[in-house]
Amino acid sequence: MLRRHPDNPILTPERWPYPINSAFNPGAIRLNGNGHVLLLVRVEDRRGISHLCSAISEDGVKEWQIDNEPTLMPDREARPEELWGIEDPRITWLPELRQYAVVYTAFSEGGPGVSLALTPDFCTYDHHGMVMSPDDKDAALFPRKFGGHWAMIHRPMPASGSAHIWISFSPDLRHWGSHRILLPARRGAWWDARKVGLSTPPVETPEGWLLFYHGVRNTAAGSLYRVGAALLDLDNPVKVIYRGSEWFFCPHEGYERVGDVGDVVFPTGCVLDGDGDTLLMYYGAADTTVGLAMGSLKEIVCWLKKNNYPGTT
Ligand code: BMA
């Protein structure tokens, strides 16, 4: 259901204006105003510390203008929770606040947690700091409130056992509660048995919020990251309407199978094309480069209906 773009990988570390190790797991948004696509790419430098760097393209496919220097750096003085870098941003436009929300992993001395910053323009940021304590990652906001509360999807990591996708609510984007499991990892031999985590921010469709998620299976050769989907109720996103039984996107091409961390496809951002149906999904490939895959929202929802299996066993 997702077709890789023939120009893949669309962004590689060699193209960066300054020396880096890898460029992957980008947040994505279509900018208000000119409609260009902005990627906030996770860039790992040669110390191993990640920052975010923006790349902008008119059509979201080619001629990327990469910032000449890091766009958002971890600031270990002002924000000690960013000691070992900032990673894997997910971007949501919040019409009510007229700001973009950037939710990212802050790698603190206590482990990775979820941080939130608001920005009107990707130049200045209002940092809310770490809003979900370690270990927690793979988080994004919904674009609007439900019953007066903002909702965030995230993935806390328990000390033992499987890691599930959770949803939490906040009246002010700072204080979070009403935590509950939204999508549990399956069990046994399932492709999404050990860990699941949000991929891109939820995508609104007429039938519900489309939730892409990665499932991780441990094998003798290491972890395998693959992508599946679920559909959440539009007005009550704690309600899962459908969950696909199978994954539909997995490491296959050379650049997805070989890299710093092989056998990983890790989508973190998507935008819609002008037709309102074609999805452009951006993903990290083998923790090294950025890939683009395209599909139809309608087709994916249709597939979910036919392949629905809400069970975990
Ligand atoms: C996850 C995150 C991602 C990474 C993936 C595969 O836990 O840390 O940033 O892409 O593992 O290594």
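Details of the structure are given in the entry above.
What counts and how
Residues numbered from 1 in each chain as written. Predicted model: local features only at pLDDT ≥ 70, side-chain atom pairs only at ≥ 80, totals over all residues. Heavy atoms only, no water. Salt bridge = Lys/Arg side-chain N within 4 Å of Asp/Glu carboxyl O. Buried < 20%, exposed > 50% of the residue type's maximum accessible area, 1.4 Å probe, protein only. Pairing = 2+ DSSP bridges. Helix = DSSP H or I, 4+ residues; strand = E, 2+ residues; numbered from the N terminus. Contact = heavy atoms within 4.5 Å. Axes fitted to C-alpha atoms, helices over the stretch in contact; angles between N-to-C directions. Near = heavy atom within 4 Å. Polar contact = N/O pair within 3.5 Å; in protein donor to acceptor, adjacent residues only side chain to side chain. Areas by Shrake-Rupley, 256 points an atom, 1.4 Å probe, with all protein chains shown as cover. 1 Å grid on protein atoms, 1.4 Å probe; cavity = no way out; pocket = protein on both sides within 12 Å on 5 of 7 lines; lining within 4 Å. Sits in = over half its atoms within 2 Å of the grid points.

So, about the pattern of salt bridges. All chains considered together, the criterion is met by 15 salt bridges. For Asp45, the salt bridge identified is with Arg47, shortest N-O distance 2.8 Å. A relative accessible area of 62% means that Arg47 is categorised as exposed. With a closest N to O distance of 2.7 Å, Arg257 and Asp263 form a salt bridge. A single salt-bridge network, built from bridges that share partners, covers Arg42, Glu44, Glu87 and Asp88.

With that out of the way, let us pick up the sheet that holds strand β20 (residues 278–285). With antiparallel pairing, the 4 strands of this open sheet are ordered in space as β1-β21-β20-β19. Pairing within the sheet leaves two strands with one partner each, and these edge strands are β1 (3–4) and β19 (265–272). Packing of helix α2 (residues 297–306) onto the sheet brings it into contact with β19, β20 and β21 (289–296), and relative to β21 it is tilted by some 75°.

Right, let's get into the site of the ligand. Taken together, Asn25, Arg42, Asp88, Lys137, Tyr225, Val261, Val264, Phe266 and Asp287 make up all the residues around the ligand. A distance of 3.2 Å separates an oxygen atom of the ligand from a polar atom in the side chain of Tyr225. In this structure, Asp287 approaches the ligand through a side-chain N or O atom, which is 2.6 Å from an oxygen atom. Protein burial of the ligand: of its 310 Å² of free accessible surface, 86% is covered by the chains. The cavity where the ligand resides is the second largest pocket.

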